[in-house]
Structures are given as C-alpha cells and as structure tokens.
Amino acid sequence: MANPQPAIRPQLIIRGDQVALPACYVRGGTSRAVLFHKDDLPPLETPGDYARWAPIFLAAMGSPDPAKRQLDGFGGGISSLSKVAVISPSTHPQADVDYLFGQVGVDAAVVGYRANCGNISSAVGPFAVDEGLVKVEGDEARVRIHNVNTGKIIISTFRMSDGYAAVDGSYSLQGVAGTGSPIRLAFQRPGGAATGKLLPSERASDRLEVPGVGVLTVSLVDAANPVVFVRGEELGLDFTIGPKGLAEDRGWLERFEAIRVTAAVAMGLVATEAEARTSLRNLPMVSIVYPPRNVTTLAGETFAAGDLDIVSQVISAGSPHLATPLTGAMCLACAAAVPGTVVADIAGDAARGERPLRIGHPSGVIELSPVIRREGEAVTVEEVAIYRTARRLMEGLVLVPRRHYPF
C-alpha cells in the first residue's frame with residue numbers, strides 16, 4: 001500500500017503569551033525526544049547556526065531546571081529523556097532525509113549539536129514515512145538518513161502496516177517494557193564522526209593525567225560518537241554500584257567529569273578544559289569497562305559471565321546511563337576491533353569479529369557485529385548494524401512562551 005498523504009500541519013499559532021508549534025513526541029530505543037519539521041521552525045539567519053532554535057528547544061523540554069526535574073516541559077530529568085530532533089528533506093545526494101539531533105541540557109541552558117543519538121535515530125525513519133517525506137510501496141521501508149551532526153549516513157529498515165511504520169511486534173529491547181516491531185539501523189562508515197579519525201590521538205591507548213583522579217590508561221575512540229574508555233578496576237569502581245548509586249555519589253560524578261574534560265582536550269574536540277565544561281558538556285562519553293562478570297539488571301534479570309565478552313557502564317552528559325547509549329555501544333564494538341585498546345584487551349577472542357560482541361550493561365546485553373576491513377595494522381569500520389524499536393507517543397502542538405520565539 002502506498003504511504004498515505006501527510007496530515008496538514010497548522011501554521012504558527014499564537015495563543016496569548018504562548019506560541020504553538022507542530023511537533024511529535026516519540027520514543028526511539030531507550031530515549032525520548034520531541035521531533036520537529038524544519039519548516040515549522042523559524043528560518044535560520046545563517047546555515048548551521050542553530051542559536052535561534054535553542055530557546056524553543058529549552059522551553060519545550062523545561063530547561064534549565066536546577067532541580068533536574070524538567071516539570072515545565074517534556075524532559076524527564078535525565079539526558080536520555082531530554083532530546084530534540086529536526087527532520088527535513090535531504091540535502092545529501094545519498095540520503096532521503098536530513099536529521100539534526102539536539103541534546104538539551106537538563107540543568108543548563110545548553111543545546112548540543114556536536115553528536116548524534118543512535119536511539120533517536122531509530123525514530124527518524126518511521127517519522128519520515130508517516131509524515132509523507134518518504135514514499136513507500138510494499139511491506140518494508142528503507143530510509144536513508146543523513147545525520148547532519150556527524151555527516152554520516154544511516155540506513156533504516158523496518159516493516160510497514162497499512163501504509164504506516166509498523167509498531168506492534170515481538171522484538172524485545174532491553175530497557176524498554178513490552179515488545180515492538182524491529183527497526184534495523186545500519187551506520188555507514190561510523191569512524192571519525194566528530195574528529196575525522198577513528199583514533200583521534202592516532203594511538204590505541206594513551207596515558208592521561210586527570211586532575212583529582214591521577215594517571216589513567218585510556219583509549220580515545222571516535223566511532224558514531226567519541227568515547228573515552230577506562231577500566232573500572234583501574235578506577236577502583238565496582239560495577240555493582242549501578243547507575244542509580246553513581247547518580248547519587250557526587251564524588252564519582254566529579255571524577256567522571258574530570259575524565260571527560262581531560263579526554264575532550266586530548267581528542268581535539270575542544271582547545272581548553274574551560275570550553276569542555278561550558279560549550280561541550282556531552283562529549284566524549286565516558287565508558288567504564290570490565291572483564292566479563294555476572295550482571296544483574298535493573299529489572300532483576302541475571303546474565304552469566306560466560307555469556308558476555310565485556311561489561312560497560314556509560315556516563316553521558318553527566319548522567320550514568322541506565323542502559324548503554326546505542327552510539328556508545330557501537331563505539332565500543334569498533335574499539336574492540338583495534339588491537340591494543342583497553343576494550344580489545346578485555347574482549348579477547350571476540351575482538352577479532354568472528355562472532356557478535358556481547359556487551360553487558362545495567363539493563364541487559366547488546367550484541368554488535370561491525371563490518372571491519374583490515375589493511376595491515378589499519379582498521380576501517382565499514383558498517384555497524386543494530387536493532388531497536390520506536391513508537392510515536394503523541395502528535396500535535398508544543399506550546400512555548402512567546403518570549404522564546406524569535407519573531
């Protein structure tokens with residue numbers, strides 16, 4: 001069946017001292033976001049300068065909120081629930097739609113565009129089809145997504161149901177209750193998403209002197225998103241503390257932030273630590289990695305050490321993640337393919353790519369199989385594919401105070 005015609009989107013509506021903007025609220029993977037059509041937002045004064053949109057996104061999410069609750073918006077008080085995306089017909093010759101991701105600060109008036117979100121990427125293909133941006137014939141859709149943040153292409157493949165992206169299905173995504181219809185995301189050439197290099201320092205491992213922490217052996221890897229990997233044993237951090245325990249421990253949060261800031265400079269993402277603390281608060285992710293061990297998830301399910309290759313706790317935008325961010329897991333899988341990284345040293349045989357890499361995290365296990373090309377010691381990641389689910393939760397109008405709209 002051909003995709004139905006999109007609903008007519010209303011023009012800008014002013015209601016007293018608020019402005020109503022068409023938008024859609026979605027779950028993508030283990031994250032949630034408000035999605036906008038680019039044409040429904042104020043025109044940019046300069047291409048690539050999104051400053052005009054920041055007040056709108058902040059107001060929609062309820063940020064900044066010093067109490068980190070975001071009660072005055074759609075945000076959920078943690079980084080994975082404080083996101084926006086802007087979708088439009090693609091400017092890229094190899095893509096169908098453009099997708100700009102925005103990470104909205106919870107307690108700070110900051111919207112970051114330097115990174116992508118793999119989980120929200122899963123909602124983009126279904127949104128594009130349901131909104132009529134991509135026409136589909138048949139029972140399966142294939143949408144080529146150009147992630148504007150990184151310049152990378154993502155191919156999203158999913159089932160159709162009566163002309164719309166399918167939602168119901170039997171696929172179970174750890175960290176999300178219930179089941180849904182699987183969405184296959186294939187990230188093309190993910191290396192160098194932010195820095196242009198899979199190994200920004202051109203070394204598999206580095207020794208970083210981190211203020212307040214000490215000298216650490218880390219791996220700085222940039223695939224899908226930049227991540228700094230460090231052994232939990234070297235930090236003296238027990239995985240069983242869990243993300244909720246870490247979120248309440250100010251001392252650990254300060255150490256993680258010091259590691260992130262030091263790594264941001266070492267990776268060339270920023271010139272100074274001050275810049276990392278103010279304008280780039282969500283990169284790189286910090287991944288604390290461990291050898292295989294029994295993992296009891298937040299839902300009480302237990303996975304045996306023998307069923308895992310590596311265990312990870314990720315800290316992103318200052319928050320310990322309840323489930324590993326998708327781009328963080330993809331970067332870990334790519335790092336495992338590079339000899340000499342702290343990830344490859346732990347993963348052992350699984351790092352050779354002969355079978356999927358099994359990553360344990362606080363909400364379960366994720367398996368990834370990067371397509372790797374090796375030429376001597378050089379490693380190129382051709383593709384990383386993963387399955388997610390997504391669901392449209394609400395559609396209509398998002399109201400923001402008029403003072404935040406740039407008339």
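Criteria and thresholds
- Residues numbered from 1 in each chain as written.
- Predicted model: local features only at pLDDT ≥ 70, side-chain atom pairs only at ≥ 80, totals over all residues.
- Heavy atoms only, no water.
- Buried < 20%, exposed > 50% of the residue type's maximum accessible area, 1.4 Å probe, protein only.
- Helix = DSSP H or I, 4+ residues; strand = E, 2+ residues; numbered from the N terminus.
- Pairing = 2+ DSSP bridges.
- Polar contact = N/O pair within 3.5 Å; in protein donor to acceptor, adjacent residues only side chain to side chain.
- Patch = residues over 30% accessible without salt bridge, like charges linked within 9 Å, V, L, I, M, F, W, Y side chains within 5 Å.
- Areas by Shrake-Rupley, 256 points an atom, 1.4 Å probe, with all protein chains shown as cover.
- Salt bridge = Lys/Arg side-chain N within 4 Å of Asp/Glu carboxyl O.
- Core = buried A, V, L, I, M, F, W, Y, C linked by side-chain atoms within 4.5 Å.

Enquirer: Sorry, what's going on with the pairing of strand E11 (residues 206-210) here?
Expert: Consecutive side chains along a regular strand alternate between the two faces of the sheet. Side chains Asp-206, Leu-208 and Val-210 of E11 all project onto a buried face; the interleaved residues Arg-207 and Glu-209 project onto a face where none is buried. Sheet topology note: the E11/strand E12 (residues 214-223) ladder contains 5 bridges and is antiparallel. Bridge pairing in E12 links Arg-207 to Thr-217. As consecutive antiparallel partners, E11 and E12 are separated by 3 residues, and within that stretch Gly-212 has a phi angle of approximately 80°, a positive value.

Enquirer: Sorry, what's going on with helix H7 (residues 326-336) here?
Expert: In an α-helix, one turn spans 3.6 residues, which is why side chains three or four residues apart end up on the same side. With respect to burial, H7 is a largely interior element, 11 of its 11 residues being buried. For H7, the complete set of buried residues consists of Leu-326, Thr-327, Gly-328, Ala-329, Met-330, Cys-331, Leu-332, Ala-333, Cys-334, Ala-335 and Ala-336.

Enquirer: Which parts of the structure should I look at to understand the side chain of Ser-201?
Expert: Within the element layout of this structure, Ser-201 appears in the loop between strand E10 (183-188) and E11. On the basis of relative accessible area, Ser-201 is assigned to the buried category, the value being 13%. A distance of 2.7 Å separates polar atoms of two side chains, one belonging to Ser-201 and the other to Asp-206.

Enquirer: Can you walk me through a nonpolar patch on the surface in this structure?
Expert: A cluster of nonpolar side chains, namely Leu-12, Ile-14 and Phe-407, defines an oily patch on the protein surface of about 300 Å² accessible area. Locating Leu-12 in the fold gives a position in the segment before strand E1 (13-15).

Enquirer: What's the story with the pattern of salt bridges in this structure? I'm lost.
Expert: Between side chains of opposite charge, pairing is possible as soon as their charged atoms come close. Taken as a whole and judged by the stated rule, the model has 17 salt bridges. A salt bridge links Glu-254 to Arg-250; the nearest nitrogen and oxygen atoms lie 3.2 Å apart. Here Glu-254 and its partner Arg-250 are both found in helix H5 (residues 250-266), 4 residues apart, which amounts to about one turn of the helix. By relative accessible area, Glu-254 is classed as partly exposed at 47%. The class of Arg-250 is exposed, set by a relative accessible area of 65%.

Enquirer: Hey, could you run me through the nonpolar core in this one?
Expert: The nonpolar side chains of a soluble globular protein tend to be buried, and buried together. Of all hydrophobic cores here, the largest spans 65 residues; its most connected members are Tyr-99 and Phe-229. When residues of this core are assigned to their parent elements, the largest contribution, 9 residues, is made by H7. Grouped together as the second largest cluster of nonpolar side chains are 34 residues, Phe-239, Met-267, Val-270 and Val-295 included.

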